[in-house]
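These are the residues of each chain, in order.
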Amino acid sequence: MKRVLEGSHSVAEAVRLARADVIAAYPITPQTHIVERLSDFCADGSLKARYLRVESEHSAMAALIGASSAGVRTFTATSSQGLALMHELLHWASGARLPIVLAEVNRALAPGWNIWTDQTDSLAQRDTGWIQLYCETGQEVLDTTLQAFRLAEQVSLPVMVVLDAFYLSHTYEPVDVPGQEEADRFLPAFRPRFMLNTEKPCAFNQMAPPDVYMEMRRSIQDGMKVALGGFAEMEEEFRRIFGRSYGAVEAISCEDAEIILVTSGTITSTCRQLLKELRSRGEKAGILKIKLFRPFPAESIRGYLKNVRKAAVIDRNFSFGSGGIFAGEVKAALCDLPERPEVFSFIAGLGGRDVTISDLESIYMQTKSQDVPPQESIWAGLRPLPVYAPDLKE
Amino acid sequence: MPLEVHDRDYMFAGHVGCPGCGAAIAMRFVLKALGEKTVMVIPACCWSIIAGAYPQSALKIPVLHTAFETGGAVASGVRAALDIKGDTETTVVTWAGDGGTFDIGFQALSGAVERNEDFIYVCYDNEAYMNTGIQRSSSTPYGAWTTTTPGRDWKKMRKKNIVEALVAHRIPYAATASIAFPEDLFRKVEKAKAIKGSRFIHIFASCPTGWRIPSEISVKIARMAVQTNIFPLYEVEDGVRYTINFSPKGYLVKEYFRLQGRFKHLTEKDLDQIQSMVEEDWKLLLHKAGGS
Ligand SMILES: Cc1ncc(C[n+]2csc(CCOP(=O)(O)OP(=O)(O)O)c2C)c(N)n1
Ligand code: SF4
Ligand SMILES: [Mg+2]
């Protein structure tokens, strides 16, 4: 059924359709609408879950580690400072192979306080062993959240569904909300292979000395590899039932493109608009949208980029002392190709600054006009900062 | 007097605790009282080691090892999962050290008991961070040497009164217990098991390695802590009804301190001061229990 839903509420609808058993959460803007809506569902009985109103994000993740270890379906949502606070336990969740699903609303990290969108919070967690899926639209948010449970449970790894603050979390869009019966068909009840059980007592997460630790780590990577193929199979099944799919990456007008803009999240939608204009002017431009960030779909990215002259990666994030994070990953994926495109790295829209069509056009034109990219990322649209310099003299 | 307790054990004979480890003795008694329908959450502490490395476990019940500061929260999640599955019979227990309880895990514990989560939280107290090599915690008593309070920097702050902090949350049941008083310990665990909501048991568990005592006096030292009023045995129901379980004959703290290497630097004057601090605390407790 089509409904006009806020992005946050699309997440909540998917969690209800997934019949999550235990939810533990702590408020932080701009994620709060998700957990408020889930509170409503629990209160009105339309979701039969235990909802733990814990005293921190750290405890939210800890509680889900406990619940998931006891064999039930779990969910939480957070942003920015909250995700950073969870960091230790993000490692714990993947190391324990728990299929926890987390909706992460991208928000800038302080200081200064900034509640607007920025991907550095989720990308700073890229080495924690979580599968990461970035969304572009309200529909994609709902679908991806539902998909996340199935993927997580298939490979026994936690999944982070990532959406832009406000542009997605607080924006209303028409969304096709699946019926419960279809959702159940796609996502059967969770049947864990191992769980806390007094009939079959086991110790979980105990001391792992050097003679076993490495193999345990390797098994997480094996799970990630299965997730790469598993994502495509899962989406195929999703498409069969719901008629929609997104792909680990989506290539738009890439067949004959000479310059490809590599994007993620809502910047992609603005790029789609720009692409129409560029194409109408005869520009051979394309877009490669990256949805799956972990595991990184290097193979398909190589496939789309190997024959183009230039790629411009647009990052709404930054790794200090290095560069745009998607750009770094894309370059690494391409580096062993005999012939590879010049990769330009652009930083845009940090802390929620609007990235307009004309900003993106300027990024495109800069890429077109330069033969070789500079060593460092190009910060798009930097302006002089108004400085308040108090007189420090006596 | 023989202890009237069944001979079933939920701990295997082999574990990797030090000889005379009070924490190992405490676990054995507590599991006897709880039985096999128990799931245990163990945040980082000596027991993360004592229980053994993969693929072995010294315990016959399901154990979930977790991060240091998460004891209260992880147990909340396990409880929630069991509840939603309709399993109200299994007891969920967090088993944490003093560091994991008084310090780094205090926030999660406070949160869990404020929500009155249905679980038992056991803190075995060896009065320092032993797993990492005897560093001070907020449970380390006034006067003690640790590796982070060495030489003349011996600890000059009082031990945090964790039971009173828990009592202030008005939880259904809070109690102290000692490995040297097994009948009392057993009774308290059985009583806690029968109550719903958050229950807290603070067990004094001597540590020969960290306290610089011979392993054979481990239990004796624990007994003396009670007999000197340094660690009184009492319980509090619903945050208001106090019962003192043991009234000592007034042994002097000196005798307890003199046996332990961790206090050997203290002067007569220091010990007199500690004696008066202990008396002050005891009077306060008697007052709360309505005994004076
Ligand atoms: C976040 C974090 N900080 C520090 C540690 C290191 N650490 C592990 S156990 C421990 C001390 C435990 O002390 P306590 O809770 O009193 O238990 P005990 O070892 O004395 O039995 C410390 C500091 C850790 N595991 N996690
Ligand atoms: S250091 Fe102390 S608490 Fe830890 S195992 Fe040894 S005796 Fe037990
Ligand atoms: Mg300790």
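Residues numbered from 1 in each chain as written. Chains lettered and ligands numbered in written order. Predicted model: local features only at pLDDT ≥ 70, side-chain atom pairs only at ≥ 80, totals over all residues. Heavy atoms only, no water.

1. Digging into the domain arrangement of chain A
All names here are of chain A. Basically, it comes down to this: Start and end points for every domain follow an automatic or database-based domain assignment. Residues count as neighbours in contact if any of their non-hydrogen atoms are within 4.5 Å of one another. When a carboxyl oxygen of Asp or Glu is within 4 Å of a side-chain nitrogen of Lys or Arg, the pair counts as a salt bridge. Here a polar contact is recorded for every N or O atom pair within 3.5 Å, except that within protein the pair must consist of a potential hydrogen donor and a potential acceptor, and residues adjacent in sequence are included only if both atoms are side-chain atoms. Runs of E in the DSSP output that reach at least two residues are strands. Runs of H or I that reach at least four are helices, and both are numbered from the N terminus. The residue classification treats Ala, Val, Leu, Ile, Met, Phe, Trp, Tyr, Cys and Pro as nonpolar and Asp, Glu, Lys and Arg as charged. All others, Gly included, are polar.
Domain assignment breaks chain A into domain 1 (2-194 + 204-242) and domain 2 (251-379). Here the C-alpha centre of domain 2 lies 27 Å away from the C-alpha centre of domain 1. The interface of domain 1 with domain 2 comprises 26 residues on the first partner and 28 residues on the second. Between domain 1 and domain 2 we count 5 salt bridges in total. Our count for the contact surface shared by domain 1 and domain 2 stands at 21 residue pairs in polar contact (both at pLDDT 80 or more). Elements with a minimum of two residues in the side of domain 1 that touches domain 2: helix 6 (120-123), strand 6 (131-134), helix 7 (138-155) and helix 9 (210-242). Split into classes, the residues belonging to the side of domain 1 that touches domain 2 amount to 14 nonpolar, 6 polar and 6 charged.

2. Considerations on the packing of helix 1 (residues 7-17) of chain A against helix 7 of chain A
Residue and element names in this part refer to chain A. Rules: Interaxial angles span 0 to 180 degrees and are taken between N-to-C directions of axes, which are lines fitted to C-alpha atoms, for helices over the stretch in contact. Should an angle lie under 35 degrees it is considered roughly parallel, over 145 roughly antiparallel, and from 65 to 115 roughly perpendicular; all remaining angles are considered oblique. Crossing handedness follows the turn of the near helix against the far one: under a right angle anticlockwise gives a left-handed crossing, and clockwise gives a right-handed one.
Direction vectors running N to C along helix 1 and helix 7 enclose 30 degrees, while the axes themselves pass 8 Å from each other. The angle between helix 1 and helix 7 places the two elements in the roughly parallel class. In this structure, helix 1 crosses over helix 7, and the sense of that crossing is right-handed. Facing G7, S10, V11, E13, A14, V15 and L17 of helix 1, the residues of helix 7 in contact are G138, V141, L142, T145, L146 and F149. Classifying every residue of the contact of helix 1 with helix 7 gives 8 nonpolar, 4 polar and 1 charged.

3. Examining the pairing of strand 12 (residues 285-290) of chain A
All names here are of chain A. To be explicit about the condition: To sort residues, take the accessible area from a 1.4 Å probe on protein chains only and compare it with the maximum for the residue type: under 20% means buried, over 50% means exposed, and anything in between is partly exposed. Between any two strands, pairing holds if DSSP finds at least two bridges. Orient the strands so they point away from the viewer, and a crossover whose first-strand-to-second-strand path over the helix runs clockwise is right-handed.
Burial within strand 12 is extensive, with 6 of its 6 residues counted as buried. Burial along strand 12 is two-sided: the face carrying A285, I287 and K289 and the face carrying G286, L288 and I290 are both buried. Sheet topology places strand 10 (residues 249-252) next to strand 12; 4 bridges connect them, and they run antiparallel. Along strand 12, the bridge assignment pairs V249 with I290. Relative to strand 12, strand 11 (residues 259-263) runs parallel, the two being bridged by 5 bridges. For T263, the partnering residue across the bridge sits in strand 12 and is K289. For the handedness criterion, the β-α-β arrangement of strand 11, helix 10 (residues 267-280) and strand 12 is classed as right-handed.

4. What to know about the packing of aromatic side chains
How we decide: In summary, the pairing rule links any two rings of Phe, Tyr or Trp, Trp by its six-membered ring, whose centres are within 6.5 Å, and it sorts them by plane angle into stacked for under 30 degrees, edge-to-face for over 60 and tilted for everything else. The rule is short: NZ of Lys or CZ of Arg within 6 Å of the ring centre and within 35 degrees of the ring normal puts a charge over the ring.
Under the definition given, this model contains 22 aromatic pairs over all chains. Ring pairing ties together the aromatic residues Y134(A), F293(A), F296(A) and F326(A), which thus form one cluster. Seen from the ring of Y246(A), K291(A) lies directly overhead, with NZ or CZ sitting 5.0 Å from the centre. Cation over ring: K160(B) sits above F106(B), and NZ or CZ is 4.9 Å from the ring centre.

5. Description of the site of ligand 1
Quick note on the threshold: The nearness test applies per residue and asks whether one of its heavy atoms lies within 4 Å of the molecule or strand.
Taken together, 18 residues surround ligand 1, and among them G99(B), G100(B), Y124(B), A128(B) and N131(B) come closest. In this structure ligand 1 sits where residues from chains A and B come together. Here A128(B) contributes a backbone N or O atom positioned 2.9 Å from an oxygen atom of ligand 1. With 3 residues, the single largest contributor to the shell around ligand 1 is helix 4 (residues 98-103) of chain B. For the shell around ligand 1, the residue count by class is 9 nonpolar, 6 polar and 3 charged.

6. Re the interface of chain A and chain B
Stated precisely, the cut-off is as follows: Here the buried area means the combined drop in accessible surface, using a 1.4 Å probe, for two parts upon being joined, counting both sides.
Listed as interface residues are 38 residues of chain A and, on the opposing side, 38 residues of chain B. A combined buried area of about 2,900 Å² lies between chain A and chain B, and 66% of that area is made up of carbon and sulfur atoms. For the chain A face of the interface with chain B, the top three residues by lost area are T198(A), Q206(A) and M207(A), together amounting to 21%. Linking E55(A) and R115(B) is a salt bridge whose minimum nitrogen-to-oxygen distance equals 3.7 Å. Taken together, the links from chain A to chain B amount to 14 residue pairs in polar contact (both at pLDDT 80 or more). With 8 residues, the top contributor of residues to the side of chain A that touches chain B is helix 3 (residues 57-69) of chain A. Bridge count for strand 9 (residues 203-204) of chain A against strand 2 (residues 63-66) of chain B is 2 bridges, and the pairing is parallel. Across the sheet, residue F204(A) finds its bridge partner in strand 2 of chain B, namely L64(B).

7. Section: the coordination of the magnesium ion (ligand 3)
Four donors placed tetrahedrally about a metal ideally form angles of 109.5 degrees, and six donors placed octahedrally ideally form angles of 90 or 180 degrees. Residues and elements named next belong to chain B. What counts here: Because water is not among the atoms used, a metal site may look incomplete, as its donors are only the N, O and S atoms within 2.8 Å, or 3.2 Å for Na, K and Ca.
Coordination sphere of the magnesium ion (ligand 3), protein contribution only: D98 (OD), N126 (OD1) and A128 (O), at 2.0 to 2.1 Å. Of note, the donors binding the magnesium ion (ligand 3) are all from one chain and are spaced D-x27-N-x1-A. Note that D98 is positioned in helix 4 and A128 in the loop between strand 4 (119-125) and helix 6 (162-167), a separation of 30 residues in sequence. Comparing D98 with A128 shows no difference in burial state: the two are buried.

8. Notes on the nonpolar core
Going by this rule: Here, the term nonpolar core denotes a set of buried Ala, Val, Leu, Ile, Met, Phe, Trp, Tyr and Cys residues that are joined through side-chain atoms within 4.5 Å.
M61(A), V262(A), L305(A), V330(A), V78(B) and F200(B) are the most contacted members of the largest nonpolar core, which totals 85 residues. Taken domain by domain, this core gets at least three of its residues from each of domain 1 (2-194 + 204-242) and domain 2 (251-379) of chain A. Beyond its immediate sequence surroundings of up to four residues, V262(A) is in contact with L288(A), I290(A), L305(A), A311(A), A312(A), V313(A), I314(A) and V330(A).

9. Considerations on the site of ligand 2
In the vicinity of ligand 2, the contacting residues are G17(B), C18(B), C21(B), C46(B), I50(B), N126(B), M130(B), C207(B), P208(B) and T209(B). When the residues that make up the shell around ligand 2 are grouped by side-chain class, the tally is 7 nonpolar, 3 polar and no charged.

10. Topic: the pairing of strand 8 (residues 241-244) of chain B
Residues and elements named next belong to chain B. Two strands pair when backbone bridges link them, and strand 7 (residues 234-237) and strand 8 are joined in this way by 4 bridges, in the antiparallel orientation. In the strand pairing of strand 8, Y234 is matched with I244. In textbook terms, the turn of a hairpin is the stretch between consecutive antiparallel strands, and for strand 7 and strand 8 this stretch comprises 3 residues, one of which, D238, has a positive phi near 50 degrees.

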